[in-house]
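The residues making up each chain are set out below.
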Protein chains: 2
Amino acid sequence: MWPEHHLSSVRGIVLVFNRKYFEQCRPPDVVVFPRCVEEVSALAKICYRHNLPIIPFGTGTGLEGGVGALKGGVCFSLRKMDQVLDVHQEDFDVTVEPGVTRKALNSYLRDTGLWFPVDPGADASLCGMAATSASGTNAVHYGTMRENVLNLEVVLADGSVVHTAGKGRRPRKSAAGYNLTNLFVGSEGTLGIITKATLRLYGIPEAVVSAVCSFPSVQAAVDSTVHVLQAGVPIARIEFLDDVMVDACNKFNSLSYPVTPTLFLEFHGTEDSLDEQVRTTEEITSANGGADFQWARDEGTRARLWKARHDAWYAALALRPGCKAYATDVCVPLSRLPHIIVETKEDLIQNGLTGPIAGHVGDGNFHCIMVLDPDDSDEVQRVHQFTERLARRALALEGTCTGEHGVGLGKRALLREEMGPGAMGVMQSLKESLDPKNLMNPGKVL
Amino acid sequence: MWPEHHLSSVRGIVLVFNRKYFEQCRPPDVVVFPRCVEEVSALAKICYRHNLPIIPFGTGTGLEGGVGALKGGVCFSLRKMDQVLDVHQEDFDVTVEPGVTRKALNSYLRDTGLWFPVDPGADASLCGMAATSASGTNAVHYGTMRENVLNLEVVLADGSVVHTAGKGRRPRKSAAGYNLTNLFVGSEGTLGIITKATLRLYGIPEAVVSAVCSFPSVQAAVDSTVHVLQAGVPIARIEFLDDVMVDACNKFNSLSYPVTPTLFLEFHGTEDSLDEQVRTTEEITSANGGADFQWARDEGTRARLWKARHDAWYAALALRPGCKAYATDVCVPLSRLPHIIVETKEDLIQNGLTGPIAGHVGDGNFHCIMVLDPDDSDEVQRVHQFTERLARRALALEGTCTGEHGVGLGKRALLREEMGPGAMGVMQSLKESLDPKNLMNPGKVL
C-alpha cells in the first residue's frame, strides 16, 4: 500500500529502526539478470552446486527487508523477464513473467475491459506480490494474492522447474492434490523463485463511486464497517484514517476534513446498483453517528475526495521533514479493531511517538505509519519497542503480526509467538524438504 | 453436490466401476470414536508407535473413495466431536468441531443473520469439506473451501497437534509465514486429521431470486455465462444442465422445460439490486438466443423453478432403475466448455453410455452423471475408459481432472499426468516430511 520511495534496494535496506539487522545485511556478491526461465534454472543450478544463497528480486518494493542479502550470495533480478504472455479474455485470466508490474499489466489490459484489482499501493511486480502474499485496499472485495493466483512457475533451489498447478493449467478451481500454488504464495522467496504467474482477472466496473464520512469515534467507524458488510453491500474499498492521519492529510493537501476518525469508501458496480449501495451505506453510517457523508461519481471529484487517503504516506512523512517512516501491519478480527486502535493511540501518545493510522478496516488490517529520526537512537529504540507491543496486542486479540507485508527479517520472532512450536515445526520441515541446503533467501521468514 | 445415498462407508466403497480398487479395499481393523482432540492425539500416537494406518472419517459423503481402508488400519470416526464452538457475529467467523455438518451449522446460525454458503449438495461435515477442498453451486460467488477456511486444528501422523494459523487465531487475512491452512485444505486426510476448523461466514442475503433460461446450444449458454460475469453481475449460482439432463428431470418431476441446454441461476442481494441483476441477465441471455427466461422471488416458486436442478442426481438414476451412478468432475477454462461438452456428448452417444451433464458453469466445472449397471462388466469397462478420455480431454484443454471431488483413489494416475513429475515430486516430498511412515490415509492422492 505504500509508494515507491519507501523502497528496499538490491543492497538490502531493512527495517530502518532495526540496526542489528541492518548491520547483518551486506550486498549480494553478484546480481544476475536472467532473461528466461531456462537461464534462471541454469543459474540456480550453479548456485546449488556452489552453495550460494539466492535472493529473488522483483521491484524491491517489499516492506520487510525480504531482498536483503544477509549472507551475501546471488541476487536474481527478474526485471528483464517482463512480458505479458497470455491474456484469455473469456476465461478471465492472464499469465505474466516476473518483471511485469501491476500497473504495467493493467495498462496492457486496458482495451480488454478487464483488470487485476489487487493493489498494494506500490507498483510492485505481480510475481513479487505473489511471493509476499500482498493485498491492499481492494482486498475486502477482490481478495488478496492468495485468492487470485491460479498457477505459478517456480524454480526450486536445485534449479528444477515446477508448475504448481501443472504446466499451462488454468481452471478457475481445482481439487487436484496439495495446493502448491498457495504454498509458494507468501513464501517470500524462501522456497523457490517465481518465474511466471497465472492470475485471475475481473471485469472493469461499469461505474465507480467514492465516498468519505467522518465519525465521532473509532468504534462508530468500525461498527459502520461491520454493518455495511452484514448488509451485503459489495463494497470495493473501505479505508480508515484516524484523526492524526486526517490532520496530517489536511495539512499536506490543504484539505479541510473534520479531524476525527474517517472512512474512505469506494463502490464498484453498475450505475443503478451504485445508487443503492451508496444509499444503504449512508443510512448505516448516519445511524452510527457518521457525518459529512460526501460522495462523487466523476473521476476528477473522486480523485479529490480520496486524495487524503492516496497521499497518506507522504502526508505522514511531511509531519517531520527529514525523518523516515516504517509501517506496522497487524490484522485482527473486526470486533477487536476499536479496542486495539484506541489502546495503540494511547501508547503512541504516552511514548511521544508519531504514528498516524491508516487501515483496510474491512479486513481488520491497519498500519501505524511510524515517522522517526533514524539518527535518534532513543527514538529508534522506542519505536522498536512500540511495534513489538502492538504486534503482541494483536496476537492477544486473536490476530496476526502481519496482515499483508509479510515476515521478512524483522518479524521472525513474532511469527514464532504467533504460530506456536507445532506450526513452526511444520513450516521448518517444509522448508527443509524443498530447500535442504537453506539457499533460498536465507534468514527470512523462519 | 450429490445427495447422501451416494455414500461411501467405513468399509470403503470406491468407484463403483473400478473393480481393482474395490478388491484392494478392505474394512479398517478398528473404528474409534474420539470425543476430543486429546483423544484423537492419544490414539494417533498409538497408531504411530505401532505403524497402523489412520483413515479419518467425517460423514462418508466423499465421492472418490477417500475413506477406503486400503491397508486396513484404524478409522477415526469424528462424529462424536460435533460442537459449534465459537460464533463471532461481528467478525463473520465460526469454529466447528469435525462432526458438525454444513446443514447443522446453518441451522445453528439461523438467528444470527449469517450463513456458511459452500454447498456441495450432500450434508457433509465441514472439516471433511475442508479435507477434500469441496465447493459446489455457490462457489462462483462465495469461493470454495480454499477461500473460506481461516484456521485448522490438525493432528499430525505422530499425534502432535498444530494450528495452521496459530492457536485461536482468526484474522480475515494474513501474510504470516507459509500458508499451512491451504496445505491441509484438500489434502484428503493424507497429511493429518482435521479436528477443528475456523470458517468465514456471510450475511444471509436480504432477498433471493431464482431464474431458468433455455438455450439453442451449449455455446449460447456458456457465452451468456461469460457475458454475465464480464458485466459484473454478482451472480450467486449459475448452473448448466444439458438436454439429456433436462429431459431426465422433466420425466422425474413431471416438468416441461424445453429439452435444450439450460441455465439455472440464482441471485443474492437486496430487493433493488436483484431487479437490476435479473434485468441485465435477461438481456444478456436474450442477446445470446436464450428463451423462456423465467424468474421467481418467493420461496415456493423458486423451489419449483429449481426442482429440476436439485433433483438432477435422482432424475439421472431414474433413467435406469436398479443402476448405480458415478460423477465425473473435470474443470476447464470457461472458453473451453462448449468444445469439451459437445465432444463429450458425442463420446457418450458413440459408446452407448448414459451420462447426463450438470455443471457449475461459472467455474468451468461440470459432471457427467454416469448411470451404469455395475454387474455389466463390459459397460463398467466402457464407462471407465470414457471417464479417462474425458479427464484427458480436460487436461488437453488446460483444465483439471478434478474441480471439486478430489483425487482419492481413482485419479492418482491422472493427477500425475496433470501435475507433471516436478510438481508431483514436491507433493511427494511434502508428504514424506509430514508423514514419513506413510500412515495417514495411505494410498490416496499420491
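How each quantity is defined
- Residues numbered from 1 in each chain as written.
- Chains lettered and ligands numbered in written order.
- Predicted model: local features only at pLDDT ≥ 70, side-chain atom pairs only at ≥ 80, totals over all residues.
- Heavy atoms only, no water.
- Helix = DSSP H or I, 4+ residues; strand = E, 2+ residues; numbered from the N terminus.
- Buried < 20%, exposed > 50% of the residue type's maximum accessible area, 1.4 Å probe, protein only.
- Contact = heavy atoms within 4.5 Å.
- Least-squares fit on C-alpha atoms with pLDDT ≥ 70 in both.
- Pairing = 2+ DSSP bridges.
- Axes fitted to C-alpha atoms, helices over the stretch in contact; angles between N-to-C directions.
- Phe/Tyr/Trp six-rings, centres within 6.5 Å; stacked < 30°, edge-to-face > 60°.
- Lys NZ or Arg CZ within 6 Å of the ring centre and 35° of its normal.
- Parallel < 35°, antiparallel > 145°, perpendicular 65-115°, else oblique.
- Left-handed = near helix turned anticlockwise from the far one by under 90°.
- Nonpolar A, V, L, I, M, F, W, Y, C, P; charged D, E, K, R; others polar.
- Buried area = accessible area lost by both parts, 1.4 Å probe.
- Salt bridge = Lys/Arg side-chain N within 4 Å of Asp/Glu carboxyl O.
- Polar contact = N/O pair within 3.5 Å; in protein donor to acceptor, adjacent residues only side chain to side chain.
- pLDDT = per-residue confidence, 0-100.
- Expected span 1.5 Å × (residues − 1).
- Bend = angle between axes of the 7 residues up to and from the residue.

Here we look at the overall build of chain A
Assigned secondary structure in chain A consists of 16 helices and 17 strands. Seen through its C-alpha atoms, chain A measures out along the principal axes to roughly 65 × 55 × 40 Å. Per-residue burial over chain A gives 66% buried out of 446 residues. Put simply, of all contacts in chain A between residues at least 6 apart along the chain, 72% involve residues at least 24 apart.

Some thoughts on the relation of the copies chain A and chain B
The second copy of the chain is related to the first by a rotation about an axis and a shift along the axis. Overlaying chain A on chain B yields an RMSD of 0.0 Å, the required transformation being a rotation through 180° with an accompanying axial translation of 0.0 Å. When the rotation and shift are considered jointly, the pair of chain copies conforms to a two-fold rotation axis. When C-alpha distances to the rotation axis are compared across chain A, the minimum falls at Ser-273 of chain A, with a value of 2.8 Å. Residue by residue, 99% of the interface of chain A is reproduced at the interface of chain B, so both copies engage with the same surface.

Concerning the sheet that holds strand β1 (residues 30–32) of chain A
All names here are of chain A. Read across the open sheet, the three strands follow the order β1-β3-β2; overall the sheet is parallel. The open sheet terminates on both sides in strands that have one partner only, identified here as β1 and β2 (54–57). Across the sheet, the axes of successive neighbouring strands diverge by a mean angle of 25°, strand direction being ignored. In this structure, β1 lies alongside strand β3 (residues 74–77), joined through three bridges in parallel fashion. What sits directly across from Val-30, in β3, is Val-74. Helix α2 (residues 37–50) contacts β1, β2 and β3 of the sheet and is inclined by roughly 170° relative to β3.

Re the sheet that holds strand β2 (residues 54–57) of chain B
Residue and element names in this part refer to chain B. Pairing within the open sheet is parallel, and its three strands lie in the order β1-β3-β2. Across the chains shown, the open sheet's two edge strands, defined by having one partner strand only, are β1 (30–32) and β2. For this sheet, the mean angle separating the axes of adjacent strands, direction not counted, is 25°. Where β2 lies against strand β3 (residues 74–77), four bridges are found, and the strand directions are parallel. In the strand pairing of β3, Ile-55 is matched with Cys-75. The sheet strands contacting helix α2 (residues 37–49) are β1, β2 and β3, and the helix crosses β3 at an angle near 170°.

Things to note about the packing of aromatic side chains
Residues and elements named next belong to chain A. This structure, assessed with the given rule, holds eight aromatic pairs over all chains. Centre to centre, the rings of Tyr-257 and Phe-264 are 5.7 Å apart; their planes meet at 75°, and the pair counts as edge-to-face. According to the relative accessible area criterion, Tyr-257 is buried, its value standing at 10%. One aromatic cluster is present, built from ring pairs that chain together Trp-115, Tyr-142 and Tyr-202. Note that Lys-437 overlies the ring of Tyr-48, its terminal NZ or CZ placed 4.1 Å from the centroid.

Quick look at the packing of helix α8 (residues 218–230) of chain A against helix α14 (residues 337–350) of chain A
Residue and element names in this part refer to chain A. Orientation of α8 relative to α14, taken along the N-to-C sense of each, is 150°, at an axis distance of 9 Å. Judged on the interaxial angle alone, α14 and α8 are roughly antiparallel. The two elements α8 and α14 meet at a crossing, and its hand is right-handed. Along the contact surface, α8 presents Val-218, Gln-219 and Val-222, while α14 presents Leu-337, Pro-338, Ile-341 and Val-342. In terms of residue class, the contact of α8 with α14 is made up of six nonpolar, one polar and no charged.

Side note on the interface of chain A and chain B
Residue-level contacts link 85 residues of chain A with 84 residues of chain B. Both sides of the chain A and chain B interface together cover about 6700 Å² of buried area, and 56% of this is carbon and sulfur. For chain A, the biggest contributors to the area lost against chain B are Arg-169, Lys-173 and Tyr-178 of chain A; these three give 14% of the whole. Across the chain A-chain B interface, the total number found is eight salt bridges. Note that Glu-404 of chain A is salt-bridged to Lys-173 of chain B, the shortest N-O span being 2.8 Å. At the surface where chain A touches chain B, the tally comes to 32 residue pairs in polar contact (both at pLDDT 80 or more). Residue assignment for the side of chain A that touches chain B shows that the elements contributing at least two residues are α6 (145–148), β8 (161–163), α7 (181–184), α8, α10 (271–287) and α16 (412–434) of chain A. Residue contributions to the side of chain A that touches chain B peak at 13 residues, all from α16 of chain A.

Brief notes about the pairing of strand β17 (residues 365–372) of chain B
Residues and elements named next belong to chain B. The element β17 is extensively covered by neighbouring structure, given that eight of its eight residues are classed as buried. Burial along β17 is two-sided: the face carrying Asn-365, His-367, Ile-369 and Val-371 and the face carrying Phe-366, Cys-368, Met-370 and Leu-372 are both buried. The pairing of strand β15 (residues 324–327) with β17 spans four bridges and is classified as antiparallel. Residue pairing across strands places Ala-327 opposite Ile-369, the latter belonging to β17. Where strand β16 (residues 357–360) lies against β17, four bridges are found, and the strand directions are antiparallel. Residue pairing across strands places Gly-359 opposite Phe-366, the latter belonging to β17. Taking the residues between adjacent antiparallel strands as the criterion, β16 and β17 are bridged by four residues, where Gly-364 takes a positive phi near 80°.

Examining the pattern of salt bridges
Across all of its chains, the model carries 56 salt bridges over all chains by this definition. One salt bridge connects Asp-119 of chain A with Arg-102 of chain A, and the closest N-O pair in it is separated by 3.0 Å. With Asp-119 of chain A in the loop between β6 (114–115) and α4 (126–132) and Arg-102 of chain A in helix α3 (residues 102–109), this pair connects stretches of sequence that are 17 residues apart. The burial state of Asp-119 of chain A is the same as that of Arg-102 of chain A; both residues are buried. Of the charged contacts, one joins Glu-398 of chain A and Arg-170 of chain B as a salt bridge, the two residues approaching to 2.7 Å between their closest N and O atoms.

What about the confidence of the model for chain A?
Parts of the prediction with low pLDDT should not have their coordinates interpreted in detail. Averaged over all residues, the pLDDT of chain A is 93; the fraction at 70 or higher stands at 94%. Interface confidence for the predicted complex, given as ipTM, is 0.94, next to a pTM of 0.95.

A word on unusual backbone geometry
Residues and elements named next belong to chain A. In the Ramachandran plot, Asp-292 falls in the positive-phi region, its phi being about 55° despite a non-glycine side chain. Residue position: Asp-292 is located in strand β14 (residues 291–296). Among the residues examined, Asp-292 registers a relative accessible area of 47% and is labelled partly exposed.

Things to note about helix α15 (residues 412–434) of chain B
Between its first and last C-alpha, α15 of chain B extends only 19 Å over 23 residues, short of the 33 Å set by a 1.5 Å rise per residue. Largest kink in α15 of chain B: about 110°, centred on Gly-420 of chain B, with the proline Pro-421 of chain B one to four residues after it.

Considerations on the packing of α16 of chain A against α15 of chain B
Following both chains from N to C, one finds α16 of chain A and α15 of chain B inclined at 135°, their axes separated by 9 Å at the closest point. The orientation of α16 of chain A relative to α15 of chain B falls into the category oblique. When the axes of α16 of chain A and α15 of chain B are compared, the crossing they make is right-handed. Residue-level inspection shows Val-426, Ser-429, Leu-430, Ser-433 and Leu-434 of chain A of α16 of chain A in contact with α15 of chain B, the latter providing Val-426, Ser-429, Leu-430, Ser-433 and Leu-434 of chain B. Here the contact of α16 of chain A with α15 of chain B is composed, by residue class, of six nonpolar, four polar and no charged.

Quick look at α14 of chain A
Residues and elements named next belong to chain A. The terminal C-alpha atoms of α14, which comprises 14 residues, lie 20 Å apart, in line with the 20 Å expected from a rise of 1.5 Å per residue. Among the residues making up α14, those that are buried are Leu-337, Pro-338, Ile-340, Ile-341, Thr-344, Lys-345, Asp-347 and Leu-348. The elements touched by buried residues of α14 are α8, β12 (235–241), α9 (243–253), β16 (357–360), β17 (365–372) and α15 (377–396).

A few points about the environment of Asp-86 of chain B
Residue and element names in this part refer to chain B. Note on placement: Asp-86 falls in strand β4 (residues 84–88). Between the alpha carbons of Asp-86 and Val-96 there is a distance of 7.4 Å; along the sequence they are ten residues apart. Leaving out residues up to four positions away in the same chain, Asp-86 has contacts with Asp-93, Val-94 and Thr-95.

Let's talk about the environment of Lys-324 of chain A
Mapped onto the elements, Lys-324 of chain A comes out in strand β15 (residues 324–327). Separated by 57 residues in sequence, Lys-324 of chain A and Gln-381 of chain A place their C-alpha atoms 14 Å apart.

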